[in-house]
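A closer look at the structure
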Amino acid sequence: MAECHPVGFQWVMEAKARGAKIIHVDPRFTRTSALADLHVPLRAGTDIAFLGGIINYVLANEKDFREYVVAYTNAGTILNEDYRDTEDLDGVFSGLDPDERTYDFHTWQYEGMEAQAASGQRDQEYQDKTGGKGGSSSSATRQSGHGEAHGSGGVAISGVPQVDPTLQHPRCVFQALKHHYARYTPEMVSDICGVAPDTFRQVCELLTENSGRERTSAFVYSVGWTQHTVGVQYIRAAAVLQQLLGNIGRPGGGIMALRGHASIQGSTDIPTLFDLLPGYIPMPHAHSHQDLDSFIQAESTKKGYWAEMRAYTVSLLKAWWGPAATPENDFCFDYLPRLTGSHSTYETVLAQLAGDCAGYFLMGENPAVGSANAKMQRMGMANLEWLVVRDFSLIESATWWKDGPEIETGELRTEDIGTEVFFLPAAAHTEKDGSFTNTQRMLQWHHQAVEPGGEARSDLWFTFHLGRIIREKLAASQDEMDRPILDLTWDYPTKSSPTRPEIVEPEAEAVLAEINGWDAQGGPLSSYEQLNDDGSTACGCWIYCGVYSDGINQASRRKPGTEQNWVANQWGWAWPANRRILYNRASADPDGKPWSERKALVWWDEDKALWTGHDIADFSASKSPHYRPPTDATGAEALSGMDPFVMQADGKSWLFVPAGLTDGPLPTHYEPQESPVPNLLYRQQRNPVREILPMVHPYDRFQPSGDEPGAEVFPYMMSTYRIAEHHTAGGMSRYQPYLSELAPEMFCEVSPELAARAGLEHKGWAMVVTARNVIEARVLVTERMTPMTINGKAHHLVGLPYHWGHGGLATGDSANDLSHLSLDPNAHIQEVKVGQCDIRPGRRPRGPARVELVLEYQRRAGITEKTGTEV
Amino acid sequence: MTAVDIEIGHRPDLTGALLGDTDPAAQGGYRDHPPRMGFFTDTSVCIGCKACEVACKEWNAIPADNTVGLTGMSMDNTQGLGADTWRHVAFIEQRKPVAAQDPGVLHEGIDVLALAPNGSGTPPEQAGITPTTPGAAGDFRWLMASDVCKHCTHAACLDVCPTGSLFRTEFGTVVVQEDICNGCGYCIPACPYGVIDQRKDDGRAWKCTLCYDRLSVGQEPACAKACPTNSIQFGPLDELRERADERLAQLHEAGVDDARLYGRDPDDGVGGDGAFFLLLDEPEVYGLPPDPVVTTRDVASMWKHVGAAALTLIGGALAAFAVGGRDR
């Protein structure tokens, strides 16, 4: 965190100054470790074993916050009797279809109730919930490995779960957890993770002593957790632990995702992701004859706030298509594109290589350096008709066609490349109005400070005028296909500054007002609870509803913390409804009283019959803790006064996930795609449903793992990461002299032991090789890197900061040339935090010899297109 | 900030000026002046982000100057203070325990210290690994510290400057005026910390101004503004010294016995620093002189000796005349 988020780390330092203990778990000794109370180095890729070990410690020693667990989680819920755990099936859950590489999730369900996913892979349940309506799903959807349900159809979709509040029932979630994690012992943690039992016990004690009624602990993670083939399950493991310890919905608790850069939270809320619409409404799949009703029926829940999905969706359609969206035409629901499978960045690259993708926009992204298997990214771009790059500088993704690594190796020749590249300079955040949404879901408005220089323009300017010009060109079209463009509401007011009258800039606040939404009279809405499903309200993103309430930009509020209470909800604006801590009903006990005075946040005021407190309650303000729903209730009314997790169909926090995940209801330790170690817990080596792209490309060969023959050709572990000196793929730092000089060239970090073993010289050159590519780097030998003893054997890690490329002032090879495309099946993210490689002294070969060296390694390791693709 | 009254032609009162705790601005001729301002750099909370280095260069428009590439000195690639680096973050890898920290770093199979024979002071060209301070196997910590001009109470650079380019400001800080500096370079060997430096392409001397331009309009220096963890604290020196004493006591109580203040003592060889530090080890570990002395300390007595020598010479000459006269 001190490396990648130094500004945010000030609050960790402040907590430390107030007596908080900081534990840093990381394979490397970083700036964060230097300031932590305890640094725990663990083998990269083993966090679920580590966290599972803590879960086992909590369960075995009854350190859980039992009242919280019983009241607010699904610990007591009885599971379906057909459910089989990884303990029963040697590392896989019931329902695995090895040929399709998917799980049928039906056996993970509660007994007597079909639980509905509030997020994640909701389309899994499509056929069940529509009663088979809509026919079979397209084969492309299946191929993508994303959980289309292929069960019997017509399973009961509602009901009441059976709960054993004593947690003793052999099929209740609590007992399933115990069973699942019983073998995650301190010794097992030591063998798998390389963490000494003493250190591990210290972590367990610090964490449990600092959790419960009077105290809370927080987890902070970043892409060190997400960028794995089991990335989502890493976070889930932390969630299980935090639920058991009662650290969710309470001050000082929670699980904080540190995002890669500013407003990544905003770009998932109002997504740049292919499978989501604003506010986490799923993008519809291409089922035949699907209309708005069947979409809502399939994707919404019967209980909880997702039951209102029709209101959120219709309001979104009204915001986009205005008067054209009517009840008669399903509010233009058919204007929305449909998914035919996974369309993530990596499938897009494969489509480019296959010649199926003609054009590409890159806005503030440098995949030629920053995406996994960067060579594939460049080769894909070389197969486009056109490419638009909007960035501050001429980044590698804009110049690969003349000076990229493949020009040097001869794999590409500039004169043969047909891609027409347009480079459009972009304005920085200081040069435009707009908002950042941080990891606390808080929007903070920034005002333009200076006019953009030269030809640089804001993304808003570019998008608005691109849309305007396309609409002008299509104006005379009678083609139905063009209606979605022509019917868009595209009438944003514009302004120009006196000094740059030629820049016609759309009003960013007008966009914010549309996101907030308005009622039938055009008045700004103040809460998503006002949204209607009949077309009388419009709202661009239901969770942001209220950010422009009273016609005031609430995100621009800057009342100092010293002038308000410690929650400070008059600084900026947080979704939903300006609540600062999600699910904060859980900060009070079932009767509505704070668990402790020290940790009081919101509570029930019996006299006023209202929820009150320091924060705004993330709960229906007037719903008494003693409210119990009638059996036929739906939506928010179906949740009782002691169900804090209001987005969930059962109002409970899920220790066990009966629906919504593609790769299992409980986090399970699997080895990474490429690992020097066999899985010590199960015969199953890797996540069986990890996403291997449908066409394993010659540029993307996998390596043998563990004990497999050929694995010894790549004897070392590697990990890619960031350092404080640079920003992601370097577009914002390597072109700045003051930042470039701080870390002027690509380097790798190795321990003195690895240096001695591999013959590497401090400050000398080394080449790092995988089955994908070979790169070179200067060597930094440092005691901060340490060998790990795993199951009695020493293992070495090559540390690779991934910032550099061939462009800019600070240059070097790109670590991402080494990585591969085995992905997390839920989030489609690459596994770049852990892999295997060889390292040897000297500079890499130049020209065609570079490619030849990689092929020689492939031959030596016996690599074929099948290697590493086993389930 | 109110206008400052400088008495033109005022002759500084040099009583005590070269020893002990004095009011440097008053010494410099300011009759009414704001309190002496300075930095307290608490290295125990430095995270090594280098925001200070960058903010300093941005504000003061200092050229980028790394010409050597990767230095191999931990995460330090700018190497030290100089004409083009007015804030510099040092990184020191050490075999020493931080209080209550188990670093989990253990190198049993290799003689690490043989690769870095002189600890953190190993010159980069001689180091076989990132320089490491000797210590017990298993202990490890990583120190970070942001260095800067000390703005000495008794500043030798200022004493030796023949053009008046270096001057004492009303805030008690020491500033070079680049339009007056003639590049004579006298100030460079005069600095007991090796801070002030000549820029290669223009020959003039450059160093931290404690953002004199920002102070003059009531703003804090750029480095302190940018520091996310409050490692660099800016304020009236009296307050900073008080705060530093409290912080030191707190660390000692927490068992961080190594913690010490550097440049805090008005009775040290430079009369105390306007920019002082909380360190977690000996100053030498950070590349700081253990006992700096103002190099012009002996100027007064030197002048006495010069005077005596001159008198002797004059006496000799007179004697010679006398003798000569007699001879004549």
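Residues numbered from 1 in each chain as written. Chains lettered and ligands numbered in written order. Predicted model: local features only at pLDDT ≥ 70, side-chain atom pairs only at ≥ 80, totals over all residues.

1. Comments concerning the overall build of chain A
When you go through chain A residue by residue, the secondary structure sums to 25 helices and 28 strands. For 871 residues, the compact-globule estimate of 2.2 N^0.38 gives 29 Å, and chain A sits close to it at 27 Å. With the principal axes as the frame, chain A shows a C-alpha extent of 75 × 70 × 60 Å. If you take every contact in chain A between residues at least 6 apart in sequence, the share linking residues at least 24 apart comes to 72%. (Helix = DSSP H or I, 4+ residues; strand = E, 2+ residues; numbered from the N terminus. Rg over C-alpha atoms; globule rule 2.2 N^0.38 Å. Contact = placed C-beta atoms within 7 Å.)

2. Examining the overall build of chain B
Counting secondary structure elements, chain B contains eight helices and 13 strands. Of all 328 residues assigned to chain B, the portion counted as buried reaches 45%. When contacts within chain B are restricted to residue pairs at least 6 apart in sequence, those whose partners lie at least 24 apart make up 67%. (Buried ≥ 20, exposed ≤ 12 C-beta atoms within 10 Å, placed from the backbone.)

3. Quick notes on the sheet that holds strand 3 (residues 37–42) of chain B
Residues and elements named next belong to chain B. Within the open sheet, the four strands sit side by side as 11-3-13-12. Their pairing is mixed. This sheet does not close on itself; its edge strands, each paired only once, are strand 11 (232–236) and strand 12 (260–262). The average angle at which neighbouring strand axes cross in this sheet is 20°, direction not considered. Pairing geometry for strand 12 and strand 13 (residues 275–279), over three bridges, is antiparallel. (Pairing = 2+ DSSP bridges. Axes fitted to C-alpha atoms, helices over the stretch in contact; angles between N-to-C directions.)

4. Let's talk about unusual backbone geometry
The linkage connecting Trp575 of chain A with the following residue, Pro576 of chain A, adopts the cis geometry, with an omega of -10°. Along the chain, Pro576 of chain A falls in the loop between strand 16 (573–574) and strand 17 (602–605). Unlike most non-glycine residues, Cys332 of chain A shows phi in positive territory, near 65°. Take Cys332 of chain A: it is sitting in the loop between helix 14 (309–321) and helix 15 (345–353). You will see that Asn230 of chain B, though not glycine, has its phi angle at about 65°, which is positive. Topologically, Asn230 of chain B is positioned in the loop between helix 6 (222–226) and strand 11.

5. Some thoughts on the interface of chain A and chain B
Taken together, the contact between chain A and chain B spans 41 residues of the former and 42 residues of the latter. Only helix 1 (9–17), helix 2 (31–35), strand 2 (38–40), helix 23 (737–740), helix 24 (752–758) and strand 23 (774–781) of chain A provide two or more residues apiece to the side of chain A that touches chain B. The dominant element in the side of chain A that touches chain B, judged by the number of residues it contributes, is helix 2 of chain A, at four residues. Broken down by class, the residue content of the side of chain A that touches chain B amounts to 24 nonpolar, seven polar and 10 charged. (Nonpolar A, V, L, I, M, F, W, Y, C, P; charged D, E, K, R; others polar.)

6. Some details on the environment of Ala237 of chain A
Tracing the sequence through the fold places Ala237 of chain A in helix 11 (residues 231–244). With residues up to four places along the chain from it excluded, the contact list for Ala237 of chain A reads Ile48, Leu51, Gly52 and Pro667 of chain A.

7. What to know about the packing of helix 8 (residues 186–193) of chain A against helix 9 (residues 197–209) of chain A
Residue and element names in this part refer to chain A. Closest axis-to-axis distance for the helix 8/helix 9 pair is 9 Å, and the angle between their directions is 115°. Of the two possible hands of crossing, helix 8 and helix 9 adopt the one that is right-handed. Of the residues in helix 9, those in contact with Pro186, Glu187, Val189 and Ser190 of helix 8 are Pro197, Phe200 and Arg201. Residues of the contact of helix 8 with helix 9, tallied by class, amount to four nonpolar, one polar and two charged. (Left-handed = near helix turned anticlockwise from the far one by under 90°.)

8. So, the sheet that holds strand 16 of chain A
The strand order across the open sheet built from three strands is 12-13-16 (chain A), with neighbouring strands paired in antiparallel fashion. Of all strands in the sheet, those with a lone pairing partner are strand 12 (434–437) and strand 16 of chain A, marking the two edges.

9. Points about helix 1 of chain A
Residues and elements named next belong to chain A. Of all the residues in helix 1, the buried ones are Phe9, Val12 and Met13. All buried residues of helix 1 project into a common sector of 100° when viewed along the axis, lining one side. Looking at the buried positions of helix 1, the neighbouring elements they touch are helix 2. Looking one or two residues past helix 1, Gly19 carries a phi angle of roughly 110°, positive in sign. (Arc of directions from axis to C-beta.)

10. As for the pairing of strand 6 (residues 141–148) of chain B
Residue and element names in this part refer to chain B. A large share of strand 6 lies buried, amounting to eight of its eight residues. Side-chain alternation along strand 6 places Arg141, Leu143, Ala145 and Asp147 on one buried face and Trp142, Met144, Ser146 and Val148 on a second face that is also buried. In this sheet, strand 6 lies alongside strand 4 (residues 87–94) in antiparallel orientation, the contact comprising eight bridges. Across the sheet, the residue bridging to Gln94 is Arg141, located in strand 6.

11. Digging into the environment of Ala20 of chain A
Position of Ala20 of chain A relative to the elements: it lies in the loop between helix 1 and strand 1 (23–25). For Ala20 of chain A, a count of 15 C-beta atoms within 10 Å gives the class partly exposed.

12. Some details on the confidence of the model for chain A
Here chain A averages 93 in pLDDT, while 95% of its residues score no lower than 70. Residue range residues 133–157 of chain A is modelled with pLDDT below 50. Its contacts to residues more than four positions away, or to other chains, number 63 contacts. (pLDDT = per-residue confidence, 0-100.)

13. Concerning the nonpolar core
In terms of nonpolar packing, the biggest core is built from 267 residues, with Ile55, Leu241, Cys748, Val768 and Val779 of chain A together with Met144 and Cys157 of chain B touching the most fellow members. Once residues lying within four places of it in the same chain are set aside, the contact partners of Cys157 of chain B are Leu166, Val174, Cys187, Ala190, Cys191 and Ile196 of chain B. Counting residues in each nonpolar core, the second largest holds 26 residues, with Ile395, Trp401, Ile692 and Val832 of chain A among its members. (Core = buried A, V, L, I, M, F, W, Y, C linked by C-beta atoms within 7 Å.)

14. Quick look at the confidence of the model for chain B
Residue and element names in this part refer to chain B. Looking at chain B as a whole, the pLDDT averages 84, with 79% of positions reaching at least 70. Considering only residues more than four positions removed or in separate chains, one finds that residues 8–17, a stretch of pLDDT under 50, has nine contacts. Predicted confidence for residues 99–106 stays below pLDDT 50, and this span has 27 contacts to residues more than four positions away or in other chains. We note a pTM of 0.91 for the whole complex and an ipTM of 0.90 for its interfaces.

15. Focus: the environment of Pro192 of chain B
Residues and elements named next belong to chain B. Relative to the elements of secondary structure, Pro192 occurs in the loop between helix 4 (187–190) and strand 9 (197–198). Measuring from C-alpha to C-alpha, the distance between Pro192 and Val293 comes to 6.3 Å, with 101 residues separating the pair along the chain. Non-local contacts of Pro192, meaning those with residues more than four positions away in its chain, are made with Ala156, Val270, Pro289, Pro292, Val293, Val294 and Thr295.

16. Some remarks on the packing of helix 15 of chain A against helix 17 (residues 374–381) of chain A
Residues and elements named next belong to chain A. Here helix 15 crosses helix 17 at 45°, and the two axes come no closer than 8 Å. On the basis of the axis angle, helix 15 is oblique to helix 17. The handedness of the crossing between helix 15 and helix 17 comes out as left-handed. Two secondary-structure elements touch here, helix 15 through Val349, Gln352 and Leu353 and helix 17 through Met376, Gln377, Met379, Gly380 and Met381. Residues of the contact of helix 15 with helix 17, tallied by class, amount to five nonpolar, three polar and no charged. (Parallel < 35°, antiparallel > 145°, perpendicular 65-115°, else oblique.)

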